[in-house]
Each structure stands twice: as structure tokens, then as C-alpha cells.
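Observations on chain architecture
Here's the letter readout for the chains.
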Amino acid sequence: MVARGSEVRPSAVRQSSPRDARGRGTRPSVGRLAGLGAGGAALLALLTGCDVGRTFDGFGWPQGGISPESHRMYDLWIGSTIAALAVGVFVWGLIFWCVIRYRKRGEALPVQTRFNMPMEFLYTIAPILVVAVLFYYTAIVQTGVNKTSTNPDVTVEVVAFKWNWQFNYRSAPDSQDNAETIASTLGTTEVIPVLVLPTGRSIRFEETSRDVIHSFWVPEMLFKRDVFPGNVRNVFEVTSLDTEGAFVGRCAELCGTYHSMMNFELRVVSPEEYDRFIEAKRGGQSTQDALVSIGEEPLAQKTRPFETRRDVNNFGNASAGS
Ligand SMILES: [Cu+2]
């Protein structure tokens, strides 16, 4: 019969003196714990010293962000994952160490350690500390990503409708009295709308929908935000765009039959080219002509109009025609 709690017979229990029969301390020595902590810190420093995110393919997080906000979100993910792995390795190590160190060696009942206040204190405080640190950095990054300013360098109004986009370049944020549309680009079934924006300037996106809920998403910004109909103007900003180039943009909210075809392209150009593009648009040029005038490709490079096949019979024989 196994003795329980206070019924344990003294003769069946090893002496619970500070040192057991083999002369080892029964409590983990402070030196060993300190060594473990120093080793963990050194490993962490080593891992963060090299680009650990790139080494492990971002731990599943998309790489190649083009805004400071996307880089901060990426760093938060990498840091959180390393912290989670460090805790995981520590706990797995403890489990395997206990399984091996305290495996059954005989019939004698091992030393019963209960109400060990330092250990119970550690079990309570350590998780709270981990959660508090994760919460702290998450709150900081989230606040930064959601931060808006009163006077951004560029304001663009994003108008979503079934199933395309209109981009209105505004002279100021909508909250200001002098805000007006100075140039506009409208997507059609045949032509993908190209949203031209500059590097190195803060950009404010003001979103509104003409019908149902859509979602404005450029994967390289690692960010998407819903576009609501009615009087709701969903606003977000990026402090800058770092990389020139063409990036596909999508609707990320199931909005109806041709939702999957609701693509656009973000074309990031230099500030000088952007100014010339806006001037060309204000001078009455089409978006395609204005793009050519600044030495850019006139049509979308990273996506193309989808084949709606509205004029063919999609049922039964595919080659039946209309
Ligand atoms: Cu949509």
C-alpha cells in the first residue's frame, strides 16, 4: 500500500536532509540555475546576432515587408517565437531531466517535497513575467501600426466597390476643410487600377465602400484593413514605403461573385516621379499615359485582369461558346 501525505511512515522515506545519501544537494544549486540562465541568454544573443528570422524562413511569417510598420511586426513575431521556443526547450528539458533523474530505483518512497514556497513562487511569477513582456511589446507595435497623424505627406482615398477599386489622391486628410480630390484612378474589367505612391513619405489611406464590406490588402505591407460602406471611413497610415517596385493588392473580404478578381497594383516610385505623376494626372492624362511619362510600365505588372468568361457557356460543354 502506498502511504499518502502525512501517513508516510518515517522508515519508508529517505532522510530529507539537505544532502542525500550520495552527497548531492536535493535542491537545484543556485550556480547551476545561474549557468542555465547565462547559457540561455548567450544562445539568445547568438541567435539574434545572426538573422535568425531569415535562417528559419521567418518562422512562417511572410518576409519582404516594404514599410517600417511591417518590419516592426516581423520583428515582434520573430522575438515572440524565440521566447516561446526558449520557454519550450526549458520546460521540455525539465521534464526529461525529471523523468531520468527521478526514475524508479527501488521500493523506497522518494523525498516528498510539497509547499516549496520558492518553487511555487517561481511557477506563478515566471509565466506572468513572460506574458507581461509579450504584452508590452505587442501593445507598443500595435499602437505604432495603428497610429495616425494630422498632417501626412500623402493622402489617398481608397474606394472599393463590387468588384474593383477607385483611388482618389487627396490634397489633405478628409478631416480638413480644404480636402479635395486632385487626381483619380478607376479600375475597370479590362484594366487593373494602379495605385502610385512615393517612397520616403508618410501615407494615409482613407477607406470607404460603395456597397458591401471589402478589405484593402497589400501582402508586402503585411497589413490589411476592412473597407466599410456608409459613413465609416476606415483610416490607417504607413510612415513610409521603403522599396520601389510593383506589388499586387487584393480584396481580402469575401464580397461576392467576382471577389477573387478584385485585384489592384501598388506601384511604389521615387518622390520626384510621384510628383511628376500627379502633375501629369492633374494635366488631364490617363493613369497609363501618366505612368509612361515618368518612365513606368503603363499596365499592372504583378497581376492581370481575370477572365470573367461572361460571354461563354460555362455549363456543360466548355467549347460550346455563347
Ligand atoms: Cu471585395
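See the structure printed just above.
Anyway, here's the lowdown on the structure attached to this text. This one's a predicted model, so the numbers in the text were calculated from it and none came from an experiment. (Residues numbered from 1 in each chain as written. Predicted model: local features only at pLDDT ≥ 70, side-chain atom pairs only at ≥ 80, totals over all residues. Heavy atoms only, no water.)

**Remarks on the sheet that holds strand S8 (residues 234–238)**
Hydrogen bonds between backbone groups are what pair the strands of a sheet, and the pairing can be parallel or antiparallel. In spatial order, the strands read S3-S2-S1-S5-S8; together these five strands make up an open sheet with mixed pairing. Taken across any chain shown, the strands that pair with only one partner, and hence form the sheet edges, are strand S3 (181–186) and S8. Between one strand axis and the next, the sheet turns through 20 degrees on average, direction left out of account. Examined bridge by bridge, strand S2 (residues 164–170) and S3 share five bridges and lie antiparallel to one another. (Pairing = 2+ DSSP bridges. Helix = DSSP H or I, 4+ residues; strand = E, 2+ residues; numbered from the N terminus. Axes fitted to C-alpha atoms, helices over the stretch in contact; angles between N-to-C directions.)

**Quick word on the coordination of the copper ion**
Each protein donor to the copper ion is listed here as His214 (ND1), Cys251 (SG), Cys255 (SG) and Met262 (SD); together their distances run 2.1 to 2.7 Å. Note that the copper ion binds four donor atoms; their angles at the metal cover 89 to 127 degrees, and the shape is tetrahedral. On the primary sequence, the residues serving as donors to the copper ion are separated as H-x36-C-x3-C-x6-M. Overall, the relative accessible area of 7% leaves Cys251 in the buried class. (Donors = N, O, S within 2.8 Å, 3.2 Å for Na, K, Ca; no water. Tetrahedral: all angles 85-135°; square planar, octahedral: opposite > 155°, others 65-115°. Buried < 20%, exposed > 50% of the residue type's maximum accessible area, 1.4 Å probe, protein only.)

**Quick notes on the sheet that holds strand S10 (residues 264–269)**
Taken in spatial order, the five strands of this open sheet run S4-S10-S9-S6-S7, and their pairing is mixed. Two strands close off the open sheet at either side, each with one partner strand: strand S4 (194–198) and strand S7 (223–227). Taken over all neighbouring pairs, the strand axes of this sheet differ in orientation by 25 degrees on average, direction set aside. Packing against the sheet, helix H5 (residues 271–282) makes contact with S4 and S10, and its axis sits at approximately 130 degrees to S4. (Contact = heavy atoms within 4.5 Å.)

**As for the packing of helix H3 (residues 68–101) against helix H4 (residues 117–146)**
In the contact formed by H3 and H4, the axes pass within 10 Å of each other and the chain directions differ by 170 degrees. The pairing of H3 with H4 is recorded here as roughly antiparallel in orientation. Two secondary-structure elements touch here, H3 through Glu69, Arg72, Met73, Leu76, Ser80 and Val87 and H4 through Val130, Leu134, Tyr137, Thr138, Ile140, Val141, Gly144 and Val145. By residue class, the composition of the contact of H3 with H4 is nine nonpolar, three polar and two charged. (Parallel < 35°, antiparallel > 145°, perpendicular 65-115°, else oblique. Nonpolar A, V, L, I, M, F, W, Y, C, P; charged D, E, K, R; others polar.)

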